[in-house]
Amino acid sequence: MPLTIKGGPIHFGPFLVTSQVFHQTPLSIALVNLKPILPGHVLISPRRVVPRVADLSPPETADLFLTVRRVSRMIERVYGATSLNIAIQDGVDAGQSVPHVHAHIIPRKRHDLSSTDEVYERLDGEEGDLSKSLKEKAKEHGGRVMERLKVDNEERVARGSEEMEKEAAMLAREMAKEPTD
């Protein structure tokens, strides 16, 4: 059963992501990732499209990090993680590919990648540039973005909307089990 979205369409930067959202508060959203680095890699973003952390209001800042905290607990539980990477790339020169503040939550287990810091290399690399990938594919297909996008890294393939909606529905059910603090 899909999450009932309050307040109409939801955007992540210029992209419509309503069907990818699995949790929302009055000021923040949690959504599944188009190109996850590891299973369970999700994003937390303010509802209002703002490019940098310094652009957030104090209430948005507090809500964003409280949402990160709550979603992190659920992701760790659901994906059997022993640790998490929580990362914000604040600006283009820090690797931010979509000009909308967002925190990555990436569940981690011992030896899941070849090195502890490989996750940052993947976030910062060409294959992590979602905006560039979407724009290039749209140009190649007459303005229409293909259902599945192949990225530079063979291991990271952009997922289709059906797969993301299914994951969002599952995570919404799991969020309902989390205490509200």
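Residues numbered from 1 in each chain as written. Predicted model: local features only at pLDDT ≥ 70, side-chain atom pairs only at ≥ 80, totals over all residues. Heavy atoms only, no water.

A. Spatial organisation of the pattern of salt bridges. A full pass over the atoms with the stated rule returns nine salt bridges. Put simply, Arg48 and Glu60 hold a salt bridge, and the shortest N to O gap is 2.7 Å. In this pair, Arg48 is assigned in the loop between strand 5 (42-46) and helix 1 (58-78) and Glu60 in helix 1, connecting sequence segments 12 residues apart. The exposure class assigned to Glu60 is buried, which follows from its relative accessible area of 7%. The partner of Glu174 in a salt bridge is Arg77, and the shortest N-O contact between them spans 2.7 Å. (Salt bridge = Lys/Arg side-chain N within 4 Å of Asp/Glu carboxyl O. Helix = DSSP H or I, 4+ residues; strand = E, 2+ residues; numbered from the N terminus. Buried < 20%, exposed > 50% of the residue type's maximum accessible area, 1.4 Å probe, protein only.)

B. Here's a closer look at the UniProt feature "binding site: substrate" (unreviewed entry) in the protein. Per the UniProt record, the feature "binding site: substrate" (unreviewed entry) sits at Asn33, Gln89, Gly95, Gln96, Ser97, Val98 and His104. Residue placement: Gln89 occurs in the loop between strand 6 (83-88) and strand 7 (103-108). Gln89 sits in the buried class, given a relative accessible area of 10%. Sequence-distant contacts of Gln89, that is, excluding residues within four places in its chain, are made with Ala94, Gly95, Gln96, His104, Leu123 and Asp124. Within the secondary structure, Gly95 is located in the loop between strand 6 and strand 7. Contact partners of Gly95, with chain neighbours within four places excluded, come to Gln89 and Asp124. (UniProt positions renumbered as here; feature names shortened; annotations may be inferred. Contact = heavy atoms within 4.5 Å.)

C. Fine view of the side chain of Glu178. Assignment of secondary structure puts Glu178 in the segment after helix 4 (161-175). Looking at Glu178, the relative accessible area reads 9%, which means it is buried. A polar contact of 3.3 Å, which involves the side chain of Glu178, links it to the side chain of Arg73. When near neighbours in sequence (up to four residues on either side) are disregarded, Glu178 contacts Arg70, Arg73, Met74 and Arg77. (Polar contact = N/O pair within 3.5 Å; in protein donor to acceptor, adjacent residues only side chain to side chain.)

D. View of the environment of Glu167. Note on placement: Glu167 falls in helix 4. Considered as a pair, Glu167 and Leu31 are 136 residues apart in the sequence and their alpha carbons are 9.6 Å apart. Once residues lying within four places of it in the same chain are set aside, the contact partners of Glu167 are Val32, Gly40, Tyr79 and Arg159. Polar side-chain contacts of Glu167 include one of 3.0 Å to the side chain of Tyr79.

E. Looking closely at helix 1. Its 21 residues place the ends of helix 1 30 Å apart at the C-alpha level, agreeing with the 30 Å of an ideal helix rising 1.5 Å per residue. Residues of helix 1 that are buried include every one of Glu60, Asp63, Leu64, Thr67, Val68, Arg70, Val71, Ser72, Met74 and Ile75, and no others. Next to the buried residues of helix 1 lie strand 3 (21-24), strand 4 (28-32), strand 5, strand 6, strand 7 and helix 4. Just past helix 1, the residue Gly80 takes up positive phi, approximately 60 degrees. (Expected span 1.5 Å × (residues − 1).)

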